[in-house]
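Below are the chains, spelled out letter by letter.
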Amino acid sequence: MNSTPMTRAQRHSLEKVAKSLVESCVRNALEDVHAGIFPSSQSGDYSDVKVVTPYGEIPWTRLGRISDEEMKVLMIDIVNKTYTFLRYLEELAAESAQTRHWDRPKLDQDLMISVRHRRAVRRSPR
């Protein structure tokens, strides 16, 4: 898909940067959301788990896990972390002991649809 072929070394370097960026900017921003007690499910699909509120029970499978306000705060935090990371890429793009064991990144098919669409728009005569 890329118009310029990448060498194996370039691809490996980009994979390390991607993992480092996600760890620094996304995973670390999600710590507060991830913290807390997660329920167990005897059925395995969480259809047997419910949240009890003063207004009734909410099935776990229908429960929103993050409010709009929390999402806004989270997105601002991730954008700021990502901007800082990209601004200081040389200093921050280092593989950690944790990311070294993550799966290799793959191109996201949904984003690749956007890539193909935008390339087609750029190439079309105006």
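Quick caveat, the model's predicted, so the values are computed rather than measured.

(A) Here's a closer look at helix H1 (residues 8-27). In a regular helix each residue adds 1.5 Å, so 20 residues correspond to 28 Å; H1 covers 27 Å between its end C-alpha atoms and thus fits that length. Taken residue by residue, H1 has Glu15, Lys19, Ser20, Leu21, Glu23 and Cys25 as its buried positions. Packed against the buried residues of H1 are helix H3 (68-87) and helix H4 (89-92).

(B) Spotlight on the pattern of salt bridges. Applying the stated criterion across every chain yields a total of four salt bridges. With a closest N to O distance of 3.5 Å, Lys81 and Asp77 form a salt bridge. Placement of both Lys81 and Asp77 in helix H3 is noted, with a separation of four residues, approximately one turn of the helix. A residue is classified by how much of its surface remains accessible, and Asp77, at 27% relative accessible area, is partly exposed.

(C) Representation of the pairing of strand E1 (residues 50-53). When E1 meets strand E2 (residues 56-59), the two strands line up antiparallel, connected through four bridges. Each residue of the ladder has a partner; that of Val51, found in E2, is Ile58.

About the cut-offs
Residues numbered from 1 in each chain as written. Predicted model: local features only at pLDDT ≥ 70, side-chain atom pairs only at ≥ 80, totals over all residues. Heavy atoms only, no water. Helix = DSSP H or I, 4+ residues; strand = E, 2+ residues; numbered from the N terminus. Expected span 1.5 Å × (residues − 1). Buried < 20%, exposed > 50% of the residue type's maximum accessible area, 1.4 Å probe, protein only. Contact = heavy atoms within 4.5 Å. Salt bridge = Lys/Arg side-chain N within 4 Å of Asp/Glu carboxyl O. Pairing = 2+ DSSP bridges.

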